[in-house]
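Residue strings, one per chain:
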Amino acid sequence: MRLVSSIRAALCLLLVVVLASDREPAAAVTLSTSSRWIVDPAGHRVKLACVNWPSHLEPVVTEGLGRQPVGAISGMIVSLGFNCVRLTYPIALATNASLSALTVRQSLLAHGLSETVGGVEAVVNALGEKNVMVILDNHVSTPGWCCSNDDGNGFFGDRDFDPNVWVDGLGSMATIFADVPNVVGISLRNELRGPRQNPEDWYTYMQRGAEAVHAANPRALVIMGGLSYDYDLSFLAARQVGVSFAAENKLVFEVHWYSFSDARAWEAEGANEVCGRAARDFTRRGAFLLARGFPLFLSEFGADSRGGDRKDNRYFPCAAAVAAEHDVDWAYWALQGSYALRQGVAGMDEVYGVLDWSWSKPRNATVLPRIQALQRPLQGPGYREALPYTVLFHPLTGLCAVRHAATATTTLELGPCNETDAWAYAPPSSTLVLRDAAAAGLPCLRAEGRGQPARLSTNACGDPLSTWRLATDSAMHVAVDAAALGLGGGGMLCLDVGTDSRSIVTNPCACQHRDGTCDPEGQWFKLVTSTRRVARRPATLA
């Protein structure tokens, strides 16, 4: 019993859950899978919109508790719209009795972090006050920063990665938290990697780990990552996992994606081409599993929140568009604004953090809506509220094309995605029709010239200025052929954001010629499918 309470204290498991949906918050429930969706016992989709919160570094203490009270942090998680925490831990926490027996105070003092102790002691009283789902993620074997190919934690049989000890540790963690209802899933291992990695050993040991977790906690989702830093699940295309509990619908796969996976390309090559290639690669290395009936959890992705990193500024709108297109479950890296101790440095800043260094407020209020835009489920069981329709999603801002309320609803502007209209579009080239408009005829979207608002009209629908196609490799330049207007830019006009940063206009398409110095993200609109209820507004056409 002392081991159980020590591990729970070390993980600071106050984490209770808000179910992913627009429904009223409810107590955490047992989750399972239905084809590619994660669902509750009623069969309604629960979209995991998580944030990563580390507990795997040297002090083995959940980060931030020396900066803010645990109740305040959990309250911020809820207020920012996250319904879930991916809580990382080292397997040694479950297998090393002396480590797990340390109190939080002892662990911090042992690492010279006496200034953080005062902020930790109120943790226990704050546990259980917010509803936030938890996924336990075995991040490393021994406590410390992750990851490198030669850190001894990379693959089965490495110096610090005894597979038998690991399986025992997974079973222990699953047992310890089997009666904690808000722990809804267990991720077997973070970012397998290194020169020893190979699919055969992956199948051998990951299947053993999965069986150990399920035997100890049949209620939990079992989450399996791939090879090459959780970047690659492509080997599953030829051979699926064999586990005894397959029929119980508990298996989920996870994948990671950062700009530094292809840093040089994001920095130097044309962003349209890099994004198109990366989107196709995402399908090849993991998203193909969705069509095969398995949920895919994008359990780490993120970017420098300061806004000055060129590769991240290009990568993140692309990643957000892909995440929206597939409507995947996800966990953003990361919550923490700073670390108690990372790689020998006390108080290190985390520029990928949602929160600032003091853990008191969001680091960047401009970046935050881009993340929050992905929290709302677009499809799935329980959300089949309308026939499938198209949404015009602007991933750079996290907003969508909505009708301008002040201009007789004939023009568009960026607005909340839950206020979108239902558009009909048939790729690769067609009109964009306002499908459900209560007007004579079905109004279509037309281009009217450089810098002019794109406008709804029932006139001449189907002519060149109302026939839209996806003009570049990114598949996000929504364009008409306006050569007859003599506008330049290859004769193409693309949807764009006006100088007021809100209205939707058309301008010559940018960055069409593989120019690595050109940034096209402002013109990127992703055509995404949704079945959510549509906001009903009149369509008064000029």
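Residues numbered from 1 in each chain as written. Predicted model: local features only at pLDDT ≥ 70, side-chain atom pairs only at ≥ 80, totals over all residues. Heavy atoms only, no water.

Colleague: Explain the packing of aromatic side chains to me, and be specific about the residues and the numbers.
Modeller: Per the stated rule, a full pass over the model turns up 23 aromatic pairs. A ring pair is formed by Trp53 and Trp359, whose centres lie 6.3 Å apart and whose planes are at 40°; its orientation type is tilted. Note that Trp53 is positioned in strand S3 (residues 49-53) and Trp359 in the loop between strand S12 (345-346) and helix H12 (368-372), a separation of 306 residues in sequence. Taken as a pair, Trp53 and Trp359 share a single burial class, namely buried. A ring pair is formed by Trp266 and Tyr315, whose centres lie 6.1 Å apart and whose planes are at 80°; its orientation type is edge-to-face. A residue pair is termed long-range when its members are at least 10 positions apart, and Trp266 in helix H9 (residues 263-268) and Tyr315 in helix H11 (residues 310-326) qualify at 49 residues. With respect to class, Trp266 is no different from Tyr315; both count as buried. Aromatic rings pair up to connect Phe82, Trp257, Trp266, Phe282, Phe301, Tyr315, Phe316, Trp330 and Tyr332 into one cluster. (Phe/Tyr/Trp six-rings, centres within 6.5 Å; stacked < 30°, edge-to-face > 60°. Helix = DSSP H or I, 4+ residues; strand = E, 2+ residues; numbered from the N terminus. Buried < 20%, exposed > 50% of the residue type's maximum accessible area, 1.4 Å probe, protein only.)

Colleague: Give me the lowdown on the sheet that holds strand S23 (residues 478-481), citing residues and values where you can.
Modeller: Taken in spatial order, the six strands make up an open sheet running S17-S22-S23-S24-S25-S20, and their pairing is antiparallel. In this open sheet, the two strands that pair with only one neighbour each are strand S17 (429-430) and strand S20 (452-453). Pairing of strand S22 (residues 468-470) with S23 involves two bridges; the strand directions are antiparallel. Looking across to S23, one finds that Arg469 is bridged to Ala479. (Pairing = 2+ DSSP bridges.)

Colleague: Which residues make up the pairing of S3, and what values go with them?
Modeller: Taking burial as the measure, the five residues of S3 include five buried ones, the bulk of the element. Burial of S3 is two-sided: the residues Ala49, Val51 and Trp53 facing one way and the residues Cys50 and Asn52 facing the other way are all buried. Of the strand pairs in this sheet, S3 and strand S10 (residues 329-332) are connected by three bridges, and their pairing is parallel. Of the residues in S10, the one forming a bridge with Val51 is Tyr332. The pairing of S3 with strand S4 (residues 84-90) spans four bridges and is classified as parallel. By the bridge assignment, Cys50 is partnered in S4 with Cys84. Traced from S3 through helix H2 (residues 70-79) to S4, the parallel crossover comes out right-handed. (Right-handed = clockwise from strand over helix to strand, strands pointing away.)

Colleague: Can you explain the nonpolar core? Please cite residues and give values.
Modeller: Of all hydrophobic cores here, the largest spans 103 residues; its most connected members are Trp53, Trp202, Leu236 and Phe253. The next biggest cluster of nonpolar side chains, apart from the first, holds 23 residues, and it includes Leu414, Trp423, Val478 and Val497. (Core = buried A, V, L, I, M, F, W, Y, C linked by side-chain atoms within 4.5 Å.)

Colleague: Please set out the state of the cysteines residue by residue, giving values where relevant.
Modeller: Enumeration according to the criterion identifies seven disulfides in this entry. Between the sulfur atoms of Cys511 and its disulfide mate Cys518 the distance is 1.8 Å. On the sign convention where negative means left-handed, the S-S torsion of about -70° between Cys511 and Cys518 marks this disulfide as left-handed. (Disulfide = S-S within 2.5 Å.)

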